[in-house]
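# Structural overview
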Amino acid sequence: MSKVEEFEELRPLLFSIAYRILGSVGEAEDAVQETWLRFDGSATRPTSTKAFLSAAVTRISIDVLRSARVRREEYVGPWFPEPLLADPYEDPARSVELADSVSMVALLLLERLSPLERAVFVLREVFGFGFDEVAAAVGRSEAACRQLLVRARRHMEAGRPRFEAVRKEREELASRFFDALREGDVAGLQDLLAADVSMVGDGGGKAPQLARAVIGAENVARLLASVFPRMARIDVTFEPHEVNGQPGAIFRDRDGKVLHTLALDVLDGQIQAIRSVINPDKLGHLGPVADAWAIDREVRQARRPTQ
């Protein structure tokens, strides 16, 4: 195989590693491109191309994450990962780990880890790399990597229970949720929400967003049932779509431009959290982005009584 063919075969894995470390589609794609440049510029062929490229993309991602953390500390409002509609890497032997690790809640928990802990956890727990490969990738001893993994596991396990809902159950619940949303059915929505459900939006100060998280089944249901019918009157539509391995939807304006994404966390037959990403900087990889401020003005205008 040529260098290009080897690289392209491994590209899905490299992107998936980088995205889980960085939580950003754009930054992950840049890390993969930088990895290619290093591989292409290498005078010798590595013994294991997979090990070489995985180590390179991991080191690049760690460096990017360290600088990104400063920006995230200054971020306006809640920070969510860039929505991922489909993970390009598939491994039937690790399908559960892969699906779980790309969810919004898992990526937010990974944010609590140091860059090294995050990289070790992703390589070992998610992709099943051996400790020798992990050590080579992060530049630490195997013993040090084992300790990093212990700390990372402790943080991750303390953060949440694992999602036990099977795929079919999640899809059925999500279908009922979106039916109730279309109809503005407060009672129907409330029945699907956990008592302490939270709804949070990430606008980054660049789009209209909730002033604070909305908590409680009744509050969330009433807000959703009042807002979407108004949006529908100005031809905002949504299409159910898996977002970060979870049930969700993409909302679009009348011209089909992306307004925001929405992802549902499902546990014990109820929706535990609703997370929306409306920051335009995080939506460009999904297609042309709508003007959220203009949509907000139209919605407000639609609320006013006709003269």
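In what follows, the accompanying structure is described.

## What to know about the pairing of strand S4 (residues 248-252)
- The buried fraction of S4 amounts to five of the five residues, a majority that puts the element mostly inside the structure.
- Here S4 shows no split at all, with Gly248, Ile250 and Arg252 on one side and Ala249 and Phe251 on the other all buried.
- Pairing of strand S3 (residues 237-240) with S4, which is carried by four bridges, proceeds in the antiparallel orientation. Looking at the pairing, Thr237 lines up with Arg252 of S4.
- Here S4 runs beside strand S5 (residues 258-267); their pairing, made up of five bridges, is antiparallel. Following the sheet pairing, Gly248 is matched in S5 by Ala263.
- Hairpin connection, S4 to S5: the antiparallel pair is bridged by five residues, and Gly256 has positive phi, about 85 degrees.

## Side note on the pattern of salt bridges
- Summed over the entire model, instances satisfying the criterion amount to 20 salt bridges.
- For Glu27, the salt bridge identified is with Arg71, shortest N-O distance 2.8 Å. Residue Glu27 is found in helix H2 (residues 25-41), and its partner Arg71 is found in helix H3 (residues 49-73); the two are separated by 44 residues along the sequence.
- Its relative accessible area of 18% is what places Glu27 among the buried residues.
- What makes Arg71 partly exposed here is its relative accessible area of 43%.

## Quick word on the sheet that holds S3
- Across the sheet, six strands lie side by side as S2-S1-S6-S5-S4-S3; this open sheet has mixed pairing. The open sheet has two free edges, formed respectively by strand S2 (214-215) and S3, since each of these has just one partner strand.
- Inspection of the sheet shows strand S1 (residues 193-202) paired to strand S6 (residues 270-277) by six bridges, in the parallel sense. Residue Leu193 lies in a different strand from S6, and its bridge partner there is Ile271.
- Relative to S5, helix H9 (residues 167-183) is tilted by about 130 degrees, and along the sheet it contacts S1, S3, S4, S5 and S6.
- The sheet contacts of helix H11 (residues 217-233) involve S1, S2, S3, S4, S5 and S6, and relative to S1 the element is tilted by about 50 degrees.

## Some points on the side chain of Glu111
- Here Glu111 shows up in the loop between helix H5 (104-110) and helix H6 (115-126).
- For Glu111, a relative accessible area of 18% gives the class buried.
- When near neighbours in sequence (up to four residues on either side) are disregarded, Glu111 contacts Arg69, Arg72, Trp79 and Arg118.

## Concerning the pairing of S6
- Of all eight residues in S6, six are buried, a share of seventy percent or more.
- Direction of pairing for S5 relative to S6: antiparallel, over a ladder of seven bridges. Paired with Thr261 across the two strands is Val277, which belongs to S6.
- Connecting S5 to the antiparallel partner S6 that follows it, the hairpin turn spans two residues, and Asp268 within it adopts a positive phi of roughly 55 degrees.

About the criteria used
- Residues numbered from 1 in each chain as written.
- Predicted model: local features only at pLDDT ≥ 70, side-chain atom pairs only at ≥ 80, totals over all residues.
- Heavy atoms only, no water.
- Buried < 20%, exposed > 50% of the residue type's maximum accessible area, 1.4 Å probe, protein only.
- Helix = DSSP H or I, 4+ residues; strand = E, 2+ residues; numbered from the N terminus.
- Pairing = 2+ DSSP bridges.
- Salt bridge = Lys/Arg side-chain N within 4 Å of Asp/Glu carboxyl O.
- Contact = heavy atoms within 4.5 Å.
- Axes fitted to C-alpha atoms, helices over the stretch in contact; angles between N-to-C directions.

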